[in-house]
Amino acid sequence: AGPVESKNEAAMSELVPEPRQKPVVPMKPMGINANLLGYIGIDTIIEQMRKKTMKTGFDFNIMVVGQSGLGKSTLVNTLFKSQVSRKSSGWNREEKIPKTVEIKAIGHVIEEGGVKMKLTVIDTPGFGDQINNENCWEPIEKYINEQYEKFLKEEVNIARKKRIPDTRVHCCLYFISPTGHSLRPLDLEFMKHLSKVVNIIPVIAKADTMTLEEKTEFKQRVRKELEVNGIEFYPQKEFDEDLEDKTENDKIRESMPFAVVGSDKEYQVNGKRVLGRKTPWGIIEVENLTHCEFALLRDFVIRTHLQDLKEVTHNIHYETYRAKRLNDNGGLPPMTVETEENHESNL
Amino acid sequence: YTHLLFSRQFSDSAGYVGFANLPNQVHRKSVKKGFEFTLMVVGESGLGKSTLINSLFLTDLYPERYIPGAAEKIERTVQIEASTVEIEERGVKLRLTVVDTPGYGDAINSQDCFKTIIQYIDNQFERYLHDESGLNRRHIIDNRVHCCFYFISPFGHGLKPLDVEFMKALHGKVNIVPVIAKADTLTLKERERLKRRVLDEISEHGIRIYQLPDADSDEDEEFKEQTRVLKASLIPTFIPFAVIGSNQLIEVKGKKIRGRLYPWGVVEVENPEHNDFLKLRTMLVTHMQDLQEVTQDLHYENFRSERLKRTGK
């Protein structure tokens, strides 16, 4: 079958001519006599959408990338205040580092305030841990593209699901080692390749090894290096939708990468139970903004930009992948009625 | 050293992650984007369709209306006329398109009069399918018909053959909401009888009209602002809605209201004891989201799979 586009073009010329479109009429201003019944109720559509979001729940897929021991699993557990990472799924800390990069996806359903989230944490053990780390980002890029492919296949299916299961990576937290010097070549290579296919949020791990001054200097240096190398991390400047977004996002971009500390242990501080790390010289409180920027990361990723992370993934990264596939194949994959058996072979 | 980037309006009770805030994030984006909705009205001339639309949205969509005489109507075929109005209320923007179908049922032989309507609906599906399959999907416009008010004449004894044929032809393509027009020509008893008759005939002919999703009884919303207290679960019991529309303001008890002045009294459009107008409006407005969803998930997907099967390998 040829490309769908040309067939549709021909079909459309046979259809009825364009309906007579009248110019848009702005709503007449309410007369002075308008009483309460001058209210139509259009705004209730917001409530309807909210109800729908709560009922259907949502998927969120977060990937963590970085060398072993940078606290990735702990940080994810801290972010979601649940045991959702590899660390909590029977993974043994003493296990040998894998020889190649592995991709491990673990799913959990967590609920809060009536909202259900199907959270998938994708861990990448082995990244950056070998002697020769050349191209170690490839399995990761491959995994990300595989999820786009899965979604695309379902979308072009003739009898497609009402809600296509979304396994696409919405957010990739990249862990920078707190050397205090600069980024490593591997960091640059990874982010250069992957920032074009996924939302990357760089974080400085184990930030409790740096003093305030060291932290500030390191952040500035890292930000400069990213800029010089043309690496656009999330929130990308080019996707700011309007002035309001730009102002909000500029502030965030200027404080990134966030220097974080993670913990799943609780201690008593000033009569409150807090997540933290206990050292002889004091307790580092994870959610205390004077100690580290964990709370900023959490608010950013979960409380304000969760939906946007998904939208940028869907509207930008996925569309880019799809457009490439359309061009490569000379058209969409053939849209025959697919049975379960031939589903794989059609592409 | 820390400058607080975010106003800390989120409660930080232990164990609170904060993704419960997601619906607000979705809401904020939707309000920014605004909504689109397309409503089609179908029915014979003179059943008060245009007047009703003006009453529903408190606007005058047809300012310079020209009503053709009978001789002219003989020549006319069904037209499709789309008018768009932008309504903003409490910060929410709605771009409403009303698709009118003048000429429907006017001809002496109305055999083919809904072909044009079917073609129009399919045309919108076709266009959407084309856009959805294209390279650049950033700004797809959704002109698909989300809801069709079908006007039933109050003068008959139930559905006319044309009514049945139309609804059978269209129920797989669009959400049909049957409406009994000019309800002020009927007494309350006559109305009940007609409603029952219409519902029986609908079920007899296997016609699928739009089903309101069940309101969960423990979350049964009450719509107070527009009507005396009306429970969401009761709205379905009024279908088909018996309505009256009016472009005229009449003074009743010192207030100006939309109504029709008769020697024997005033019929008030927005009085729930006079007709179901407010229920119709409440239903429409509170189900816009669902109407769009059913259009997308059911009618459009049916169209799409049929279409793709035809052009496939």
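Here, every reference points to the structure presented above.
The rules behind the values
- By convention here, each chain's residues receive numbers from 1 onward along its written sequence.
- Note on labels: chains are lettered from A, ligands numbered from 1, in written order.
- In view of the model being predicted, local features appear only for residues whose pLDDT reaches at least 70, and side-chain atom pairs are presented and counted only at 80 or more, with totals across whole chains, interfaces and linings using the full set of residues.
- Hydrogen atoms and water are omitted, and side-chain values are computed over all heavy atoms in the structure.
- Pairing of aromatic rings covers Phe, Tyr and Trp, the last counted by its six-membered ring, and requires centre-to-centre distances within 6.5 Å; plane angles under 30 degrees mean stacked, over 60 mean edge-to-face, and any other angle means tilted.
- A helix here means a DSSP run of H or I that spans at least four residues, while a strand means a run of E at least two residues long, and both kinds are numbered starting from the N terminus.
- Burial classification: accessible surface area is computed with a 1.4 Å probe over protein chains only, and a residue below 20% of its type maximum counts as buried, one above 50% as exposed, and the rest as partly exposed.
- Lysine and arginine charges are scored as sitting over a ring when NZ or CZ, respectively, is within 6 Å of the ring centre and within 35 degrees of the ring normal.
- One bridge is not enough; two strands pair if DSSP finds at least two bridges between them.
- Only heavy atoms matter for contacts: two residues are in contact if any of them lie within 4.5 Å across the pair.
- To get an axis, a line is fitted to the C-alpha atoms, and for a helix only the part in contact is used. The angle between two axes follows their N-to-C directions and goes from 0 to 180 degrees.
- Think of a salt bridge as a Lys or Arg side-chain nitrogen and an Asp or Glu carboxyl oxygen that are within 4 Å of each other.

1. Some thoughts on the packing of aromatic side chains
Within the structure shown, the criterion is met by 17 aromatic pairs over all chains. Ring plane angle 80° and centroid distance 5.4 Å describe the contact between Y104 of chain B and F166 of chain B, whose orientation is recorded as edge-to-face. Remark: F166 of chain B occurs in helix α5 (residues 161-170) and Y104 of chain B occurs in the loop between β3 (92-100) and α4 (115-132); sequence separation between them is 62 residues. Looking at F166 of chain B, the relative accessible area reads 0%, which means it is buried. Ring geometry for Y262 of chain B and W264 of chain B: centres 4.9 Å apart, planes at 10°, overall stacked. Its end group placed over the ring of Y318 of chain A, R168 of chain A keeps NZ or CZ at 4.8 Å from the ring centre. Between the NZ or CZ atom of R144 of chain B and the centre of the ring of Y128 of chain B, over which it lies, the distance is 3.6 Å.

2. Notes on the sheet that holds strand β3 (residues 58-65) of chain A
All names here are of chain A. With mixed pairing, 6 strands are arranged side by side in an open sheet as β4-β5-β3-β6-β7-β8. Unpaired on one side and paired on the other, β4 (104-112) and β8 (258-259) mark the two borders of the sheet. Note: β3 against strand β6 (residues 171-176), 4 bridges, orientation parallel. Bridging from a neighbouring strand, V64 pairs with L173 of β6. Each of β3, β4, β5 (115-123) and β6 is contacted by helix α3 (residues 72-80), which is oriented at about 150° to β3, the strand it contacts most. Lying over the sheet, helix α5 (residues 185-194) contacts β3, β6 and β7 (200-204), oriented at roughly 165° with respect to β6.

3. Digging into the pattern of salt bridges
If you walk through the whole model with that rule in mind, you get 39 salt bridges over all chains. One salt bridge connects E301 of chain B with R160 of chain A, and the closest N-O pair in it is separated by 2.9 Å. Pair noted here: E301 of chain B is in helix α8 (residues 288-311) and R160 of chain A is in the loop between α4 (138-156) and β6, and the two residues belong to different chains. In this structure, E301 of chain B and R160 of chain A share a single accessibility class: buried. Here R298 of chain A and D299 of chain A are joined by a salt bridge, their closest N and O atoms 3.4 Å apart.

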